[in-house]
Amino acid sequence: MTTTKTDERALAELQREHGHALFHFLLGLTFGDRQRAEDLLQETLVRAWQHPEAFDGPYESMRPWLFTVARRLAIDARRSRLARPAEVSDAGLECAPAGADTAESAVAALDVREAVRALSPEHRSVLVQIYFRGLSVGETAEVLGIPAGTVKSRSHYALRVLSRNLPGYTRRPSQGRTVVGASCL
C-alpha cells in the first residue's frame with residue numbers, strides 16, 4: 001500500500017505563506033500558551049503533509065482549510081485535557097496538609113494488644129471493661145461481680161505491668177492514665 005504525501009517544497013511554501021498567521025490564530029485559541037500553539041501548528045502542517053488532496057481543492061488559498069484543521073485540532077486538544085484529571089504542580093503539593101501517618105498508630109496498637117494478652121485474665125478483664133468498653137469502676141465491678149476496690153486495685157497493677165512491658169510509651173501528667181503513643185503527639 002503506497003501513500004502519497006505532500007511535496008516538501010509545497011509544504012515549505014505553505015508554512016512561509018500561512019505559518020505566521022496560523023500561529024497567531026492558534027495562540028488566541030490556546031489563551032496565549034505558545035508551546036501549545038506551536039504544537040498545534042506543527043500538527044496542522046503534518047495534516048497538510050498527510051493530505052495532498054487538500055491542495056487540489058476548488059479554493060484559491062489553503063488558508064481556510066488550514067485554519068479549519070487548526071481550530072478542530074485545538075478543540076480536540078482542549079477536550080482531551082478536560083477529560084483527564086488536572087495535573088498538580090509541586091507548588092500545590094507543598095501547601096497541601098500531610099496525611100496522617102497511620103503506621104505508628106498501627107504498630108502501637110499491635111504492641112498494646114500483645115502487652116494486654118500477656119496480663120493475667122483478672123487484670124485483662126478489668127482493663128478491657130474500663131479502657132476498651134468505657135465503663136466506670138462501679139459498672140465494671142457490677143459486670144465482673146467483684147468489689148469496686150478490687151477493680152481499682154487490679155487496674156492499678158495492670159497499668160503498672162503494661163508500663164513496664166511497653167517501653168517508650170509515656171503517661172500524660174494531666175490525666176493520669178497511660179496513653180499509648182503519647183510520646184508521638
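This text follows the structure it describes.
Model, not experiment: these values are computed from the prediction. (Residues numbered from 1 in each chain as written. Predicted model: local features only at pLDDT ≥ 70, side-chain atom pairs only at ≥ 80, totals over all residues. Heavy atoms only, no water.)

The next subject is the pattern of salt bridges. Tallying each qualifying case throughout the model produces four salt bridges. The salt bridge partner of Glu114 is Arg117, with a shortest N-O separation of 3.6 Å. Taken as a pair, Glu114 and Arg117 lie in helix α5 (residues 102-117) at a separation of three residues, close to a single helical turn. Among the residues examined, Arg117 registers a relative accessible area of 54% and is labelled exposed. (Salt bridge = Lys/Arg side-chain N within 4 Å of Asp/Glu carboxyl O. Helix = DSSP H or I, 4+ residues; strand = E, 2+ residues; numbered from the N terminus. Buried < 20%, exposed > 50% of the residue type's maximum accessible area, 1.4 Å probe, protein only.)

Take unusual backbone geometry next. Positive phi, close to 55°, is recorded for Phe31, a residue that is not glycine. Among the secondary structure elements, Phe31 is positioned in the loop between α1 (8-29) and α2 (34-50).

On inspection of all chains with the given rule, the structure shows one aromatic pair. Plain terms: the ring middles of Phe25 and Phe67 are 4.7 Å apart, the flat faces sit at 40° to each other, and that makes the pair tilted. Linking Phe25 in helix α1 with Phe67 in helix α3 (residues 63-83), this pair joins segments that are 42 residues apart in sequence. When its relative accessible area of 19% is taken as the criterion, Phe67 is described as buried. (Phe/Tyr/Trp six-rings, centres within 6.5 Å; stacked < 30°, edge-to-face > 60°.)

Now for the side chain of Thr140. Mapped onto the secondary structure, Thr140 falls in helix α7 (residues 137-144). Accessibility expressed as a relative area gives 0% for Thr140, which makes it buried. Once residues within four sequence positions are removed from consideration, Thr140 is found in contact with Val126, Gln129, Ile130, Leu135 and Val151. (Contact = heavy atoms within 4.5 Å.)

Attention now goes to the packing of helix α6 (residues 121-132) against α7. The interhelical angle for the contact between α6 and α7, taken along N-to-C directions, is 130°, at an axis separation of 9 Å. Classed by the angle they form, the pair α6 and α7 counts as oblique. Every pair of crossing elements has a handedness; the one defined by α6 and α7 is right-handed. Together, Ser125, Val126, Gln129 and Ile130 of α6 and Thr140, Val143 and Leu144 of α7 make up the contact between the two elements. Of the residues that constitute the contact of α6 with α7, the class distribution is four nonpolar, three polar and no charged. (Axes fitted to C-alpha atoms, helices over the stretch in contact; angles between N-to-C directions. Parallel < 35°, antiparallel > 145°, perpendicular 65-115°, else oblique. Left-handed = near helix turned anticlockwise from the far one by under 90°. Nonpolar A, V, L, I, M, F, W, Y, C, P; charged D, E, K, R; others polar.)

Counting 20 residues, the largest nonpolar core has Leu14, Leu22, Leu26, Trp65 and Leu66 as its most contacted members. The set of elements that each furnish at least two residues to this core consists of α1, α2 and α3. In terms of residue count, α3 provides more of this core than any other element does, seven residues in total. With residues near it in sequence (within four places) discarded, Leu22 still touches Leu41, Thr44, Leu66, Phe67 and Ala70. Formed by nine residues, the second largest nonpolar core is a distinct cluster that contains Val116, Leu159, Leu162 and Leu166. (Core = buried A, V, L, I, M, F, W, Y, C linked by side-chain atoms within 4.5 Å.)

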